[in-house]
Amino acid sequence: TLAGCRMWTLAWLGIASLCLGGAWAVPAKEERRKAEKPKADLALYENLDLDNYDLTLDNYGEILDLSNYEELYDYGDLAPKIEVGTLAPRPKDPTALSNLGATAETPKLQPPTIASPVHPAPIPAQGEVASAPPGLPSCLLCLCIGISVYCDDANLEHIPPLPPETTYLYARFNRIGAIRASDFMGLKKLKRIDLTSNFISWADADAFRLLPSLQELILPENRLTALPELPHSIVRLDARLNRIPSTGLRPEAFRDLKQLQFLHLSDNQLDYIPAPLPESLRSLHLQNNNIQTMHEDTFCDSRDHSQIRRALEDIRLDGNPINLSLFPNAYFCLPRLPTGRFF
């Protein structure tokens, strides 16, 4: 009927109005929320006290705590890695040592630890007895590592005062001209002295005799014309390339050296083989001298044909004007014939 149609139409209109009213209500609520949020945020910042966060150079350290900053970050991987190999040569100019630390930009290596402090000491004059100083005065000119003292190529003109504990001394390639008895006085632990390539022309007769522990005396490439007396503890004597004549050796100079094993006197001015030689001798180098003859008892006892010298197996006589074939009975006790001219 007509009345029923009107009622359905009104019902549909009511439903449609309700749906449209809900859809319009949602955007309105969102707009209200967006408008209220900035006001709330502004209210929060208005109540926040920012006075303490005004950073200046005066309060920078108070606001930011950097006391434990290095603990939080490990810089180990960024640290420069230093490899220590051989020691660099020491500068000849003493002033270069003081400038070295100022110019270097790389991390400085710590010097070897020394048990006692270093104190300078005056160098004794000619004829003056050098007493053992309390510190390590030689380390001002040389390099001291433990019981070893290195004075190579340091322009030295004399032996510097040495620490009492010195066991090994290397003073090669210097300008040392003489060795005094006082140079090594009191050095009871000294085992090796190496003075290769100096200007040594004279050595006191007691310069080495009073050293109870000396085993190696290395003196090649000098200007010696005589050998001083040696201690009984000597094992190796190397005096090659000097100017030593036979008159520069004491009579029977090596007979009582019961521990001597290496005797090297090549490139000198010897006229004969310095016999008698100790039974301990293993190596005898006399090449490039002026030896022209030898005695039958030089190496062997001609009265004892059962003698055998097994130790002495290295004898060099080459470069001498001697014909070794003229002395056939001089080698019967040796394990090997000497090296030299046999015609």
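Analysis parameters
Residues numbered from 1 in each chain as written. Predicted model: local features only at pLDDT ≥ 70, side-chain atom pairs only at ≥ 80, totals over all residues. Heavy atoms only, no water. Phe/Tyr/Trp six-rings, centres within 6.5 Å; stacked < 30°, edge-to-face > 60°. Helix = DSSP H or I, 4+ residues; strand = E, 2+ residues; numbered from the N terminus. Buried < 20%, exposed > 50% of the residue type's maximum accessible area, 1.4 Å probe, protein only. Lys NZ or Arg CZ within 6 Å of the ring centre and 35° of its normal. Disulfide = S-S within 2.5 Å. Salt bridge = Lys/Arg side-chain N within 4 Å of Asp/Glu carboxyl O. UniProt positions renumbered as here; feature names shortened; annotations may be inferred. Core = buried A, V, L, I, M, F, W, Y, C linked by side-chain atoms within 4.5 Å. Contact = heavy atoms within 4.5 Å. Polar contact = N/O pair within 3.5 Å; in protein donor to acceptor, adjacent residues only side chain to side chain. pLDDT = per-residue confidence, 0-100.

Caption draft 1: Representation of the packing of aromatic side chains in the model. Tallied over the full model, the rule gives 3 aromatic pairs. Their ring planes at 5° and their centres at 5.2 Å tell us that Tyr150 and Tyr170 sit as a pair that is stacked. Of the two residues, Tyr150 is situated in strand β2 (residues 148-150) and Tyr170 in strand β3 (residues 168-170); the sequence distance between them amounts to 20 residues. According to the relative accessible area criterion, Tyr170 is buried, its value standing at 11%. Note that Arg223 overlies the ring of Phe199, its terminal NZ or CZ placed 4.5 Å from the centroid. Lying across the ring of Phe343, Arg341 places its NZ or CZ 5.5 Å from the centre.

Caption draft 2: Looking closely at the state of the cysteines. On inspection of all chains with the given rule, the structure shows 3 disulfides. Linked covalently through their sulfurs, Cys139 and Cys144 form a disulfide whose S-S length is 1.9 Å. With the S-S dihedral at roughly -125°, the linkage between Cys139 and Cys144 falls on the left-handed side. For Cys139, a relative accessible area of 14% puts it in the buried group. Taking relative accessible area as the criterion, Cys144 reaches 7% and is therefore assigned buried. A sulfur-sulfur distance of 2.0 Å marks the disulfide that ties Cys142 to Cys151.

Caption draft 3: View of the pattern of salt bridges. Here the structure, examined in full by the defined rule, presents 16 salt bridges. Salt-bridge contacts for Arg172 lead to Asp152; the nearest nitrogen and oxygen are separated by 2.6 Å. Here Arg172 is found in the loop between β3 and β4 (178-179), whereas its partner Asp152 is found in the loop between β2 and β3, with 20 residues between them in sequence. We classify Arg172 as partly exposed; its relative accessible area is 23%. On the basis of relative accessibility, which here comes to 27%, the residue Asp152 falls in the partly exposed class. Salt-bridge contacts for Glu165 lead to Lys189; the nearest nitrogen and oxygen are separated by 2.6 Å.

Caption draft 4: Examining the UniProt feature "domain: LRRNT" (unreviewed entry) in the protein more closely. In the numbering used here, UniProt assigns the "domain: LRRNT" (unreviewed entry) feature to residues 138-168. Its end C-alpha atoms 13 Å apart, residues 138-168 is made of 0% helix and 23% strand.

Caption draft 5: Up close: the nonpolar core. One finds Phe184, Ile193, Phe254, Leu284, Met294 and Phe299 to be the most contacted residues of the largest nonpolar core, which totals 59 residues. Aside from chain neighbours lying at most four places away, what touches Leu284 is Leu263, Ile273, Leu277, Phe299, Leu312, Asp314, Ile315 and Arg316.

Caption draft 6: The side chain of Gln287, seen in detail. Of note, Gln287 is situated in the loop between β10 (283-285) and β11 (314-316). Relative accessible area serves as the criterion here: at 9%, Gln287 is assigned to the buried category. Other than its neighbours up to four places away in sequence, Gln287 contacts Ser266, Asp267, Arg316, Leu317, Asp318 and Asn320.

Caption draft 7: How the structure looks around unusual backbone geometry. A cis geometry characterises the amide bond from Ala275 onward to Pro276, with omega recorded as 0°. Backbone geometry places Asp267, a non-glycine residue, at a positive phi of 60°. Relative to the helices and strands, Asp267 resides in the loop between β9 (262-264) and β10.

Caption draft 8: Spotlight on the side chain of Thr298. In this fold, Thr298 is placed in the loop between β10 and β11. Separated by 2.7 Å, the side chain of Thr298 and the backbone oxygen of His295 make a polar contact. Beyond its immediate chain neighbours, meaning those up to four positions away, Thr298 contacts Ile273, Ala275 and Leu277.

Caption draft 9: How the structure looks around the environment of Ser306. Among the secondary structure elements, Ser306 is positioned in the loop between β10 and β11. Accessibility expressed as a relative area gives 59% for Ser306, which makes it exposed. Measuring from C-alpha to C-alpha, the distance between Ser306 and Cys333 comes to 7.7 Å, with 27 residues separating the pair along the chain.

Caption draft 10: Molecular detail of the confidence of the model for the protein. Confidence along the protein averages 76 in pLDDT terms, with 60% of residues attaining 70 or more. Considering only residues more than four positions removed or in separate chains, one finds that residues 42-92, a stretch of pLDDT under 50, has 21 contacts. Per-residue pLDDT stays below 50 along residues 94-136; that stretch engages in 44 contacts with residues further than four places along the chain or on separate chains.

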